[in-house]
Amino acid sequence: MTTTSAGLRIDAVRISQDVAGAGRVLRDISLDLPPGRVTMIAGSSGAGKTVLLHTLAGLHLPSAGDVLHDGSRPGPPGREFGFVPQEDIVHQELPLARTLGYTAGLRMAPGTPAAELTAAVHRVLAELGLAHRADTPVRALSGGERKRACIAAELLTRPRVLFLDEPTSGLDPVTGAELLSTLRELAASGTTVVLTTHTLADLARADRVVFLSPDGEVAYAGPPQDLCPAFGVSGPEEVYGAVASGARATPAPGPGGPAPGGAAPDPAPTAGPPAPGVGAVRQWALLTRRGTALLLHNRLSVAVLAGSPLMIIAMFAVLFRAGAFTPATADPGSTAMIMFWIAFGAFFFGLTYGLLQICTELPVLRREWLAGLRIGPYVASKLTTVLPVLAVADAALLAVLRALDRLPAASWGTYLSLFVTSVLASAAALALGLLASAAVTDPGQATLMLPLLCFPQVLFSGAFVPVPRMTVAGEALSLAMTNRWAFEALGSGIGLETLWRTGGSPLGPPLLQSYGDSFAHPASRGWLLLAGFAVVFLALTWWVLVRKCRQGMARGRAGK
């Protein structure tokens, strides 16, 4: 495996860690993890393995004590830092090499030529034995291959340290052993490797084992071959029982001397200031390209893209007769409902496209945020990826409705007004969908949000119950409904007031009176309100995602 830079030395000096809701999880832990070695953190469930891993990585600040990287407190993770959580941190839809290509563009130094990005992808694929799977979609890889793909994403920047949270979990013994052999090769090339495990067979493949007691103390720290003798037991499975009963081994001294199989690595250089990351505009462009590719490769997304407009158009064809806007035989009730369902169709397009955009890739987002991704370009890329598709769907809906005579013959200016209203309604709904997608934790919850967000938009839009006839509470709720402002802007743009006054139907004036001044304002008022809703929802999406990414990952220490 290609030689990397000298590994990172990690020291823990009497660290303790408190976790909200669980109290003190780690207690007075001191460790010395030399560079270029594989250190495994083991212990029973709830002993604090993952908490210790995050604390050693600098993602969680210790409640007491210090963690030092090369003798200094860790700063923000940079390109020399690798972290693989239990979840997959690569997208599933695209071919492996293409997926890693986007990752390389986001993580490697700004201005890196495309040829170097491609070479880096081919290098890590070869190092991890995945070169023959370069053109395979990630979802088609085996569990072990996907885990190696996640490691490949981390190796693109040649990190000095690699942290992994239970990388062999869920793998069969042979695949797990192959993965650990890969990690040992990384350590031999200079990378410091720290991982958690609950698999007994893994321990023998470590250079150093840190075994935690149930109360979060170090019960043993030393070479794996000395683990069982230290507790006077014959197998590692018996160590769990001994530690649970209160047994502690005298911690072995820090492993000085040569690393297994070779000379001791050179002292690690002191870390300099973090290298500048990829700029916001470059991040937005890369994320937009990747988002477009993911959208087109995701079967569910393609089905929603194609199915939603077809469903709405079919509904119009079945519900409404042609000619409702003809002045001589105008049907005011139908014209109002046509305007409402256009507004709701635009809302439905945007909401359904937005609901699954973020919740399906939160682990990827969190890891890329640690690598320097800004949340603003990420949220903006979602808008620029999906909104053009929504605009096409809105234009197609209006064109088909006109062809079916569900909309009147009118000037280009009128239809431009309807189109602008529809696109802004879709944009506001998309932003609402992104906010909901950011707030939930999995696609199942996002699916449940669909009816919860749709029903109020129907009931309080002012179409079925005009706003002047609502209760005070209902009218107040309608102010927060984007569908109300889209419905009113569409009605103003098509000229419902004029049609109802001049149409031959005697229902015109009474119906017009029930809606009050709903359609008396210019469509531009609705445009401003819809644009404002979109901005507010996008800002809230940004805020929620920043909080989720920062949760438990403070990098500074107040008062110190």
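Right above here is the structure, for reference.
Throughout this description, residue numbers start from 1 for each chain and increase along the sequence as written. Since the coordinates come from a predicted model, pLDDT governs what is reported: local features require at least 70, and pairs of side-chain atoms require 80 or more to be given and counted, while whole-chain, interface and lining totals use all residues. As a rule here, side-chain values come from all non-hydrogen atoms in the structure, and water together with hydrogens is ignored.

### Some details on the packing of helix H13 (residues 375-403) against helix H20 (residues 523-550)
So, step 1. Between N-to-C directions, angles span 0 to 180 degrees; the directions come from axes that are lines fitted to C-alpha atoms, helices contributing only their stretch in contact. Think of it this way: any DSSP run of H or I at least four residues long counts as a helix, any run of E at least two long counts as a strand, and we number them from the N terminus. One way to put it is that H13 packs onto H20 with a least axis distance of 10 Å and a crossing angle of 135°. By the angle class used here, H13 and H20 are oblique. Relative to H20, the crossing made by H13 is right-handed. Counted together, Ile375, Gly376, Tyr378, Val379 and Leu383 of H13 and Leu538, Thr541, Trp542, Leu545, Val546 and Cys549 of H20 form the full contact between these two elements.
So, step 2. Classifying every residue of the contact of H13 with H20 gives 9 nonpolar, 2 polar and no charged. In what follows, roughly perpendicular refers to angles from 65 to 115 degrees, roughly parallel to angles under 35, roughly antiparallel to angles over 145, and oblique to any angle outside these ranges. Each crossing is labelled by how the near helix is turned from the far one, with a counterclockwise turn of less than a right angle marking it left-handed and a clockwise turn marking it right-handed. Should any heavy atoms of two residues lie within 4.5 Å, those residues are considered in contact. The nonpolar class holds Ala, Val, Leu, Ile, Met, Phe, Trp, Tyr, Cys and Pro. Asp, Glu, Lys and Arg form the charged class, and all remaining residues, Gly among them, are polar.

### Re the sheet that holds strand E6 (residues 161-165)
So, step 1. On the basis of which strands lie adjacent, the open sheet formed by 6 strands has the order E5-E6-E7-E3-E8-E9 and mixed pairing. Strand pairing shows two members of the sheet lacking a second neighbour, strand E5 (81-84) and strand E9 (218-222), which therefore form its edges. Here the strands of the sheet are splayed against their neighbours by 10° on average, with no regard to which way each runs.
So, step 2. At least two DSSP bridges between two strands are needed for those strands to be called paired. Bridge count between strand E3 (residues 38-43) and strand E8 (residues 208-212): 5 bridges; the pairing is parallel. When the bridges of E8 are listed, Thr39 appears paired with Arg208.
So, step 3. Helix-sheet contacts for helix H8 (residues 236-244) involve E3, E8 and E9, and the interaxial angle to E8 is about 40°.

### Observations regarding the nonpolar core
So, step 1. Definition used in this section: a nonpolar core is a set of buried Ala, Val, Leu, Ile, Met, Phe, Trp, Tyr and Cys residues joined via side-chain atoms within 4.5 Å. Note on classification: 1.4 Å probe, protein chains only; a residue is buried when its accessible area is under 20% of the maximum for its type, exposed when over 50%, partly exposed between these limits. Within the largest apolar cluster, 104 residues are counted, with the highest numbers of intra-cluster contacts made by Leu52, Phe163 and Met339.
So, step 2. Leu179, Leu183, Ala187 and Leu195 belong to the second-largest nonpolar core, a separate cluster that totals 52 residues.

### Examining the packing of aromatic side chains
So, step 1. Each Phe, Tyr or Trp ring, with Trp reduced to its six-membered ring, pairs with another whose centre is within 6.5 Å; inter-plane angles below 30 degrees give stacked pairs, above 60 give edge-to-face pairs, and intermediate values give tilted ones. Counting across every chain of the model gives 16 aromatic pairs.
So, step 2. A connected cluster of aromatic rings, assembled from ring pairs, spans Phe340, Trp341, Phe344, Phe347, Phe348, Phe464, Phe487, Tyr515 and Phe519.

### Description of unusual backbone geometry
So, step 1. With phi around 50°, Arg14 is a residue other than glycine that occupies positive phi space.
So, step 2. Within the element layout of this structure, Arg14 appears in strand E1 (residues 10-19).
So, step 3. If you check the backbone angles, Glu166 has positive phi at about 50° while not being a glycine.
So, step 4. If you trace the backbone, Glu166 turns up in the loop between E6 and helix H5 (173-188).
So, step 5. For Glu166, a relative accessible area of 13% puts it in the buried group.

### Some details on a nonpolar patch on the surface
So, step 1. The residues that make up patches have over 30% relative accessible area and no salt bridge, and they are joined within 9 Å when like-charged or within 5 Å when they are Val, Leu, Ile, Met, Phe, Trp or Tyr. Areas reported as accessible are Shrake-Rupley estimates using a 1.4 Å probe. Residue values count occlusion only from the protein chains shown. One side-chain nitrogen of Lys or Arg within 4 Å of one carboxyl oxygen of Asp or Glu is enough to make a salt bridge. Taken together, Val536, Leu540, Trp542 and Trp543 make up a surface patch of nonpolar side chains, about 400 Å² in accessible area.
So, step 2. Topologically, Val536 is positioned in helix H20.
So, step 3. With a relative accessible area of 44%, Val536 lands in the partly exposed category.

### Topic: helix H17 (residues 482-494)
So, step 1. In this analysis, the expected span of each helix is defined as 1.5 Å times one less than the number of residues it contains. Between its first and last C-alpha, H17 extends 18 Å over 13 residues, near the 18 Å set by a 1.5 Å rise per residue.
So, step 2. Of the residues trailing H17, Gly495 is marked for its positive phi of about 80°.

### Looking at the sheet that holds strand E2 (residues 23-33)
So, step 1. As summarised here, the arrangement of the 3 strands in space is E2-E1-E4, forming an open sheet in which the pairing is antiparallel. Either end of the sheet is taken by a strand with one partner, and the two such strands are E2 and strand E4 (64-69). Between one strand axis and the next, the sheet turns through 25° on average, direction left out of account.

### Digging into the environment of Ala486
So, step 1. Positionally, Ala486 belongs in helix H17.
So, step 2. Here the alpha-carbon distance between Ala486 and Leu424, two residues 62 residues apart in the chain, equals 8.2 Å.
So, step 3. When sequence neighbours within four positions are dropped, the list of residues in contact with Ala486 reads Ala343, Thr421, Ala425 and Leu530.

### Comments concerning the pairing of E6
So, step 1. Counting buried positions over the 5 residues of E6 gives 5, a clear majority of the element.
So, step 2. By the alternation rule, side chains of E6 split into Val161, Phe163 and Asp165 and Leu162 and Leu164, which are all buried.
So, step 3. Of the pairings in the sheet, the one linking E5 to E6 comprises 4 bridges and is parallel in character. Bridge pairing links Gly82 to Leu162 in E6.
So, step 4. Here E6 pairs with strand E7 (residues 192-196) via 5 bridges, running parallel. The partner of Leu164 across the bridge, within E7, is Leu195.
So, step 5. The definition of a right-handed crossover adopted here requires that, viewed with the strands pointing away, the path from the first strand over the helix to the second runs clockwise. Remark: the E6/H5/E7 crossover connection has right-handed handedness.

### Points about the side chain of His91
So, step 1. By the secondary structure assignment, His91 is in the loop between E5 and helix H2 (96-107).
So, step 2. Leaving out residues up to four positions away in the same chain, His91 has contacts with Thr99, Val138, Arg290, Leu294, Glu361 and Val364.

### Some remarks on the pairing of E2
So, step 1. Pairing geometry for E1 and E2, over 7 bridges, is antiparallel. Paired with Val19 across the two strands is Gly23, which belongs to E2.

### Some details on the pattern of salt bridges
So, step 1. Enumeration according to the criterion identifies 19 salt bridges in this entry.
So, step 2. The residue Glu80 makes a salt bridge to Arg160 at a minimum N-O spacing of 3.6 Å. Placement of Glu80 in the loop between E4 and E5 and of Arg160 in the loop between helix H4 (143-155) and E6 is noted, with a sequence separation of 80 residues between them.
So, step 3. Here Arg160 falls in the buried class, since its relative accessible area comes to 3%.
So, step 4. Across the pair Glu488 and Arg525 runs a salt bridge whose closest N-O atoms are separated by 3.0 Å. Of this pair, Glu488 sits in helix H17 while Arg525 sits in helix H20; the two residues are 37 residues apart in sequence, bridging distant segments of the chain.

Read these as geometric descriptors, not functional statements.
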